[in-house]
Amino acid sequence: MTTSNPILRFSAISLFPEMFAAVTESGVVGRAIKKGKVAVDLINPRDFTTDRHRTVDDRPYGGGPGMLMKVEPLEKAIEFAQSSQPDGNRPGKVIYLSPQGEKIDHQMVSQLSQEEHLILLAGRYEGIDERLLNKHVDLELSLGDFVLSGGELAAMAVIDSVTRLVPEVLGHKESAEQDSFADGLLDHQHYTRPEVYDGNRVPQVLLSGNHQVIESWRLQQRLGRTWLRRPDLLARKKLTEQEEKLLSMFQAQFE
Ligand SMILES: CCN(CC)Cc1ccc(CNC(=O)c2csc3nc[nH]c(=O)c23)cc1
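Residues numbered from 1 in each chain as written. Predicted model: local features only at pLDDT ≥ 70, side-chain atom pairs only at ≥ 80, totals over all residues. Heavy atoms only, no water.

The criterion, for reference: UniProt positions are given in the numbering used here, feature names are shortened, and annotations may be inferred rather than shown by experiment.
An unreviewed UniProt entry lists the protein under the name tRNA (guanine-N(1)-)-methyltransferase, with Aliikangiella coralliicola as the source organism. As stated in UniProt under Function (unreviewed entry), the record for the protein gives "Specifically methylates guanosine-37 in various tRNAs."

Below is the structure:
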């Protein structure tokens, strides 16, 4: 269902629209749609075919394995998505999910959350015609250096991660949690009942009730774990004097 004035509209172009139920019918995105803050339109290129067999794939010039997405149904699907734009608004940004794209990270997601309309082109087969790409696609994004069967999972990752950053979508409680990754550090360890599990106790500091010490311990763990597991993230982060001190105390235990 299309909502009249959502904060952000996604148009997902895919041969497998039913896959998107995974994000539209549950969780944060499902709630945001119900609240009318976000809209997700599903557009299937097969609905724009004109032949009896509703053909959506075509053979590659120059031969080689596999097929490509047929140009005409795909172009019509993109144009339909762009036409579903409330007039006067900025034209939707066309994003092609592809292994050749720029890797998605928090910065990219944060930028996309400022848009009003994102048209997500989820490819299947080996890809799409380069001329179509040059004519319609504004941005090519990849989920990472591994092979998926199509762009749908990547498109859903964009829908979920961008929706979480749209103001007023997350309640105050959840939005606090989103800050953790946004500040470029990994998360600290988590513990819940029982206090002793499998012979292991919860770190005493977390039972102390001393919130200042607990916050300091958690920050130190976040700095230390990022240093151990993702030094690339740490290299990009300007640390305060207090953070430098906490990290060097953490590192001292490895000397
Ligand atoms: C023969 C070279 N392959 C490119 C790495 C062909 C190919 C494999 C898989 C696909 C389908 N994948 C996507 O559409 C895709 C879309 S976003 C993405 N991110 C990471 N990995 C991915 O495979 C994808 C398309 C072409």
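The rest of the description comes next.
### A word on the packing of aromatic side chains
To keep it simple, the criterion reads: Each aromatic pair joins two rings of Phe, Tyr and Trp (for Trp, the six-membered one) with centres within 6.5 Å, and gets the label stacked for planes under 30 degrees apart, edge-to-face for over 60, and tilted for any other angle. Numbering goes from the N terminus for both helices and strands, where a helix is a DSSP run of H or I of at least four residues and a strand is a run of E of at least two.
Following the criterion strictly, the structure yields four aromatic pairs and no others. Where Trp227 meets Phe254, the ring centres are 5.5 Å apart and the plane angle is 70 degrees; that geometry is what we call edge-to-face. Of this pair, Trp227 sits in helix 8 (residues 211-229) while Phe254 sits in the segment after helix 10 (241-252), and the two are 27 residues apart along the sequence. Through successive ring pairs, a cluster of aromatic residues spans Trp227, Phe250 and Phe254.

### What to know about the site of the ligand
Note the following rule: Summary of the distance rule: residues count as near a molecule or strand when at least one heavy atom falls within 4 Å of that molecule or strand. Polar contacts here mean pairs of N or O atoms no more than 3.5 Å apart (in protein, one a potential hydrogen donor and the other a potential acceptor; neighbouring residues in sequence count only if both atoms are side-chain atoms). With residues, only the protein chains shown are counted as cover, and all accessible areas are computed by Shrake-Rupley using a 1.4 Å probe.
The immediate surroundings of the ligand are formed by 18 residues, with Glu126, Leu143, Gly144, Phe146 and Leu148 found nearest. Here Phe146 contributes a backbone N or O atom positioned 2.7 Å from a nitrogen atom of the ligand. Within the backbone of Gly151, an N or O atom sits 3.3 Å from an oxygen atom of the ligand. Across the complex, the protein chains shield 75% of the 570 Å² of accessible surface that the ligand would expose by itself. Going through the elements one at a time, strand 5 (93-103) and strand 7 (139-142) are the ones with two or more residues in the shell around the ligand. Ranked by residue count, the leading element in the shell around the ligand is strand 5, at four residues.

### A closer look at a nonpolar patch on the surface
The condition is simple: Surface patches are defined over residues having more than 30% relative accessible area and no salt bridge, joining like charges when they lie within 9 Å and nonpolar side chains (Val, Leu, Ile, Met, Phe, Trp, Tyr) when within 5 Å. In what follows, salt bridge is the name for a side-chain nitrogen of Lys or Arg lying within 4 Å of a carboxyl oxygen of Asp or Glu. When a residue's accessible area, from a 1.4 Å probe over protein chains only, is under 20% of the maximum for its type it is buried; when over 50% it is exposed; and in between it is partly exposed.
A cluster of nonpolar side chains, Leu143, Phe146, Leu148 and Leu153, forms an exposed patch at the surface whose accessible area comes to about 330 Å². Counting through the fold element by element, Phe146 comes out in the loop between strand 7 and helix 6 (152-165). Among the residues examined, Phe146 registers a relative accessible area of 46% and is labelled partly exposed.

### Points about the UniProt feature "binding site: S-adenosyl-L-methionine" (unreviewed entry) in the protein
The UniProt feature table records "binding site: S-adenosyl-L-methionine" (unreviewed entry) at Gly123, Leu143, Gly144, Asp145, Phe146, Val147 and Leu148. In this fold, Gly123 is placed in the loop between strand 6 (117-122) and helix 5 (130-136). Looking at the secondary structure, you find Asp145 in the loop between strand 7 and helix 6. In this structure the side chain of Asp145 is engaged in a polar contact, spanning 2.9 Å, whose partner is the side chain of Lys103.

### Notes on the pairing of strand 2 (residues 38-43)
Heads up, the rule is: Two strands pair under a simple rule: DSSP has to find at least two bridges between them.
Burial runs high along strand 2: five of the six residues are buried. Taken together, the six bridges between strand 1 (residues 8-13) and strand 2 define a ladder with parallel strand orientation. Residue pairing for strand 2: Ser11 is matched across the bridge by Asp41.

### Quick word on the pattern of salt bridges
Summed over all chains, the structure comprises twelve salt bridges. Note that Asp232 and Arg230 form a salt bridge whose closest N and O atoms lie 2.8 Å from each other.

### As for the sheet that holds strand 6
For clarity, the cut-off: Lines fitted to the C-alpha atoms define the axes, with helices restricted to the stretch that makes contact. Angles between their N-to-C directions range from 0 to 180 degrees. Contacts were defined at the residue level, with two residues in contact if any of their heavy atoms lie within 4.5 Å.
Spatially, the five strands line up as an open sheet ordered 2-1-6-5-7, and their pairing is parallel. Unpaired on one side and paired on the other, strand 2 and strand 7 mark the two borders of the sheet. For this sheet the average axis-to-axis angle between neighbouring strands, irrespective of direction, equals 30 degrees. Note that strand 5 and strand 7 share five bridges and pair parallel. Note on strand 7: the bridge partner recorded for Tyr96 is Glu140. Set on the sheet, helix 6 makes contact with strand 1, strand 2, strand 5 and strand 6; between it and strand 6 the angle comes to about 160 degrees.

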